[in-house]
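Each chain, written out:
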Amino acid sequence: MTIDFAAFTPASAFGGGMLIGLAAALLILLNGRIAGISGILGGLLRPGPGETGWRIAFLVGMVLAPVGWALVATLPAIDIDASYPVLIAAGLIVGISTRYGGGCTSGHGVCGLSRLSPRSLVATLAFMASGFATVFLIRHVLGG
Amino acid sequence: MSRLTLSALVSGLIFGLGLLVSGLGNPAKVLAFLDLAGAWDPSLALVMGGAILVGLIAFQLAARRQRSVLDEPIRLPTRRDIDRRLVLGSLGFGVGWGLAGFCPGPAVMAIGAGEARAVVFVLAMLAGMGVFELIERQR
């Protein structure tokens, strides 16, 4: 393992992480809901009374973040190297499996670990492990 | 706009800003974190650390309340069992995450940055969630 110190951004990573935690804190303490993005999206496909408005508002807020940012400063890099076919395959896989697994990086990784949930710990270890394995396979075995 | 709608909007906005500041919103940086055998960028471990540090406090407070500050029921998951769906679903999610470097939050956020590739990923993800709903309704 070689650490790429030139790319390592500990301060902005930690500070940005705290903002993500703050957003999750506001949603649970004000709205009483978990800030899990796959659950928020999935819930829109299974609408219940009073369960649509806040979800759309949260998603609109997320989309407005870079819009607002761009008004006052240059947006940070968003480099998406994957081809369209790969993006479609990845999107389908992420959509189906986050619903089966009951969460993603935000719901299990941030909110679940913050709640000290054993389910979320197992889920996070599982998706980290398969994420590491997938990138290893693509970059170092298949030579992506 | 109701107070609940406004608080969800502000929460989403802060979430999106956090993704931008932290670098988690950049798939190339996510893949550099997932590439343990390459030139490894450990930054995203600190994103999780910062988020969980704040989250630990918030969820401790939330666990002691029945209703939220805006008088909504606090819906915390109660399950503690480890089942096959949790494990296989999470393993599958990691594969999709590693393929493109996108998890659901950053992909939604990147739409606002005008990224056509994020739109395609999110549409495919919604289609995948739709497939899940169809399968579930037939069970």
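Above this text sits the structure in question.
Residues numbered from 1 in each chain as written. Chains lettered and ligands numbered in written order. Predicted model: local features only at pLDDT ≥ 70, side-chain atom pairs only at ≥ 80, totals over all residues. Heavy atoms only, no water.

**Let's talk about the interface of chain B and chain A**
Rules: The contact criterion used is simple: two residues touch if any of their non-hydrogen atoms lie within 4.5 Å. One speaks of a salt bridge when a side-chain nitrogen belonging to Lys or Arg is within 4 Å of a carboxyl oxygen belonging to Asp or Glu. The definition of a polar contact used here is a pair of N or O atoms within 3.5 Å, where within protein one atom must be able to donate a hydrogen and the other to accept one, and adjacent residues in sequence count solely through side-chain atom pairs. When residue character is reported, Ala, Val, Leu, Ile, Met, Phe, Trp, Tyr, Cys and Pro are called nonpolar, Asp, Glu, Lys and Arg charged, and the others, Gly included, polar. Only strands that DSSP links by at least two bridges are regarded as paired with each other. The secondary structure listing takes helices from DSSP runs of H or I that are at least 4 residues long and strands from runs of E that are at least 2 residues long, numbered from the N terminus.
Contact with chain B, which involves 108 residues of that partner, is made by 102 residues of chain A. Where chain B meets chain A, there are seven salt bridges. The salt bridge partner of B:Glu72 is A:Arg33, with a shortest N-O separation of 3.5 Å. Between the two partners, chain B and chain A, sit 28 residue pairs in polar contact (both at pLDDT 80 or more). Taken together, the residues of the side of chain B that touches chain A break down into 68 nonpolar, 25 polar and 15 charged. Bridging between strand E1 (residues 2-3) of chain A and strand E1 (residues 39-40) of chain B involves two bridges; their strand directions are parallel. Its bridge partner lying in E1(B), A:Ile3 is registered against B:Trp40.

**Overview of the pattern of salt bridges**
Residues and elements named next belong to chain B. This is how the line gets drawn: A simple rule labels every residue: compare its accessible area, found with a 1.4 Å probe on the protein chains alone, to the largest value its type can have, and call it buried under 20%, exposed over 50%, or partly exposed in between.
Taken as a whole and judged by the stated rule, the model has 16 salt bridges over all chains. Its salt-bridge partner being Asp41, residue Lys29 comes within 2.7 Å of it at the nearest N-O pair. With Lys29 in helix H2 (residues 27-34) and Asp41 in the loop between E1 and helix H3 (43-63), this residue pair connects regions lying 12 residues apart in the sequence. By the burial criterion, Lys29 is buried, and Asp41 matches it.

**Quick notes on unusual backbone geometry**
Phi is positive for A:Leu116, close to 60 degrees, though the residue is something other than glycine. Relative to the assigned elements, A:Leu116 resides in the loop between helix H5 (105-114) and helix H6 (118-141). The phi torsion at B:Asp71 lies on the positive side, around 65 degrees, for a residue other than glycine. When you line up the elements, B:Asp71 lands in the loop between H3 and helix H4 (84-100).

**So, H4(B)**
Just so we agree on the cut-off: Helix span is expected to be 1.5 Å times the residue number reduced by one.
Its 17 residues give H4(B) an end-to-end C-alpha distance of 25 Å, which sits within 8% of 24 Å, the value for a rise of 1.5 Å per residue. Listed in full, the buried residues belonging to H4(B) are B:Leu86, B:Gly89, B:Ser90, B:Gly92, B:Phe93, B:Gly94, B:Gly96, B:Trp97, B:Gly98 and B:Ala100. Tucked into the core, H4(B) has its buried residues touching helix H4 (84-101), H5 and H6 of chain A together with H2 and helix H5 (104-111) of chain B.

Purely spatial values, then, with no claim about function.
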